[in-house]
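Single-letter residue listing:
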Amino acid sequence: MIVLGVTGGIACYKAVELVRLLIKAEFKVRVIMTRSATEFVTPLTFQTLSGYPVATETFDLTQESEIGHINLADCADLFVVAPATANVIGKIAGGIADDLLTTVLMATQAPVLIAPAMNIHMYENPILQENLRRLRRIGYHIMEPADGYLACGYEGKGRLPDPEKIAGEVERLLKKKDLSGERLLITAGPNREPLDPVRYISNRSSGKMGYALARAAVRRGAEVALVSGPTALEPPAGARFIAVTTAADMREAVLGEYAQCTTVIMAAAVSDYHAAVVADKKMKRGEAAIELRLEPNPDILKDLGQRKDGKWLIGFAAETEDLTANAQKKLRDKNLDIVVANNVAETGSGFDGDTNIATIVDRTGATRSLPMMSKDELADRIYDHFLALKSPR
Ligand code: CTP
C-alpha cells in the first residue's frame, strides 16, 4: 500500500496523474489531502481514481472508525508526499504534526519519499535547504525538483518532477530486499595527499556515486560499511561510516574490513600518488620554482583481487577514451567480477554531477551500455547486474 500525501500547490493536478500511474502499475494507493490541497483538486477526483475514500484534514468520526490515522500509518509500505510544499517540509523537519497528513507521517514506520514543488526562491531559501538536509540525514528520500517554467511566472528549479519520474522512484524504493545477507564494503570520494600542514593534492571526485551505492544497498537489505574520503555529503542513514583522508588510510580501513565483507565496491577515486616528502612546517613562498616528487600509492583493488578469498569485487574505471577496452583490461588486470566504466569527459557523466553514463562489463565478457541516468538509478542497475551475475554461482 502506498499512502500519498497531497499538499496544497498548483502541482496538485500532477498528483492525479501520479495516482493513475501507480494504480496502472498495480499498486494500492490511499490519498491524504491537506485542507489547502482540496482547494486545488477535489477529494472526489482522488477517490474515484484510487478506489478508496480520501482522508482529509477535516475527516469526520465515520472516517476515523473506518480507518484511523494510526492504521493509515501502519498500512503504508511507502509514504509519498507529492507535491510537498515548503510549509509541509518545514513542519515535517521540525517534528510538527498539526494536521492529518503530518500526524500520519509522524506515526509511520514506512520509508518516506518527498517530491518538493515550489517557487524557485522558496526552493533556494537556506531554511528550506537546511530542512531537506535534515530529512535526508534521517533517511528520507528527497527528489530533486525539475527545471523549467514555474506557475508563478519564474523559470528555474522548483517544478514537481514528472509523475512518470515519481512513479519510477516509487517502484525503485519498493524493490524487494534482494541484497539481504550481503555485507558490502563500499569506498567513496577522493583522497587528500598532504604536501605540508596546509596543502594537499586531491581530485574532483564528489563521492556521490559511492554514497548512492551505499543508500541503495541499505534500502535493498544489505549491511553496509562505507569508507569515505572527504566529501560534502551526509553519511547515508543505516550504513556504518568510516571517514578517511589519504589513500594509505583508505587502504588500511579497507583491509581491516575485508575479512567481514562478502563484496567490495571500490567507487573511490583513490589517489594514485603521494608526496615523497611531506613538510612538517608550512612551505614558505619563494621566487624559485619548486619540484614535487610523487611516489605511487599501492593499488588497493588490485591487492584485493590478488587475495580474492571468495569475495566479489566491483571496480570503477574513470576513462576519457576507449571505454570498454580499458574497462575490460582493468577487470582482467585486477581480477575483478564487474567493472563500471564511465567516460569522465562526456557531459552528464562522471565527477561531481548527479547523473552518470556508464558501461558495465563483467567477467563473463558481457557488456552493457546504459543511457544517462541518476547516480541513484545507476546504483540499482549495478546491483541488478551483480545479482544476475551471482545467481548461477
Ligand atoms: N583503485 C584502487 N587503488 C588505487 C587506484 C585505483 O583501489 N591506488 C581502484 C579505484 O577505486 C577503481 C579502480 O581501481 O575502482 C580503477 O581506478 P582508475 O583510477 O580508473 O584506474 P587506475 O587503475 O588507477 O588506472 P588509470 O588511472 O591508469 O586509468
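Residues numbered from 1 in each chain as written. Predicted model: local features only at pLDDT ≥ 70, side-chain atom pairs only at ≥ 80, totals over all residues. Heavy atoms only, no water.

### Thoughts on the site of the ligand
The environment of the ligand is made up of 14 residues, and the closest members are M266, A268, F316, K330 and K334. Take A268: an N or O atom from its main chain is 2.8 Å from an oxygen atom of the ligand. Within the side chain of D272, a nitrogen or oxygen atom sits 3.3 Å from an oxygen atom of the ligand. For the shell around the ligand, the elements supplying multiple residues, two or more each, are α13 (300-307) and β17 (312-319). For the shell around the ligand, the element with the highest residue contribution is β17, accounting for four residues. Looking at the shell around the ligand residue by residue, the class counts come to nine nonpolar, one polar and four charged. (Near = heavy atom within 4 Å. Polar contact = N/O pair within 3.5 Å; in protein donor to acceptor, adjacent residues only side chain to side chain. Helix = DSSP H or I, 4+ residues; strand = E, 2+ residues; numbered from the N terminus. Nonpolar A, V, L, I, M, F, W, Y, C, P; charged D, E, K, R; others polar.)

### Some thoughts on the packing of helix α11 (residues 208-219) against helix α15 (residues 375-390)
Viewed as axis vectors pointing N to C, α11 and α15 meet at an angle of 60°, and their least axial separation amounts to 8 Å. Considered as vectors, α11 and α15 are oriented oblique to each other. Where α11 crosses over α15, the two elements pack in a sense that is right-handed. Residues K208, M209, A212, L213, A214, R215, A216, A217 and R219 of α11 form the contact with α15, whose own contacting residues are K375, D376, L378, A379, D380, I382 and Y383. When the residues that make up the contact of α11 with α15 are grouped by side-chain class, the tally is ten nonpolar, no polar and six charged. (Axes fitted to C-alpha atoms, helices over the stretch in contact; angles between N-to-C directions. Parallel < 35°, antiparallel > 145°, perpendicular 65-115°, else oblique. Left-handed = near helix turned anticlockwise from the far one by under 90°. Contact = heavy atoms within 4.5 Å.)

### As for the packing of aromatic side chains
According to the stated counting rule, one finds two aromatic pairs in the structure shown. Judged by centre distance (6.3 Å) and plane angle (65°), the ring pair of Y211 and F241 falls under edge-to-face. Of this pair, Y211 sits in helix α11 while F241 sits in strand β13 (residues 240-243); the two residues are 30 residues apart in sequence, bridging distant segments of the chain. Judged by relative accessible area, which is 1%, Y211 ranks as buried. Between the aromatic rings of W312 and F386, the centroid separation amounts to 5.8 Å while the plane-to-plane angle is 90°, which identifies the pairing as edge-to-face. In this pair, W312 sits in strand β17 while F386 sits in helix α15, placing the two residues 74 residues apart along the sequence. Accessibility expressed as a relative area gives 3% for W312, which makes it buried. Relative accessible area serves as the criterion here: at 1%, F386 is assigned to the buried category. (Phe/Tyr/Trp six-rings, centres within 6.5 Å; stacked < 30°, edge-to-face > 60°. Buried < 20%, exposed > 50% of the residue type's maximum accessible area, 1.4 Å probe, protein only.)

### Some remarks on the environment of E39
Note that E39 resides in helix α2 (residues 37-40). Sequence spacing of E39 and G8 is 31 residues, and the spatial spacing of their C-alpha atoms is 7.4 Å.

### Structural notes on helix α14 (residues 323-333)
Buried residues of α14: L323, A327 and L331, and no others. Angularly, the buried residues of α14 cover 65° about the axis, an arc narrow enough to put them on a single face. Close packing links the buried residues of α14 with β17, β18 (338-343) and β20 (358-362). Just downstream of α14, N335 is the residue with a positive phi angle, here 60°. (Arc of directions from axis to C-beta.)

### Some words on the sheet that holds strand β4 (residues 78-84)
If you walk across this open sheet you meet the six strands as β3-β2-β1-β4-β5-β6, and the pairing is parallel. Sheet topology places β3 (55-56) and β6 (141-142) at the edges, where each strand pairs with a single neighbour. (Pairing = 2+ DSSP bridges.)

All we've got here are geometric facts, nothing functional implied.
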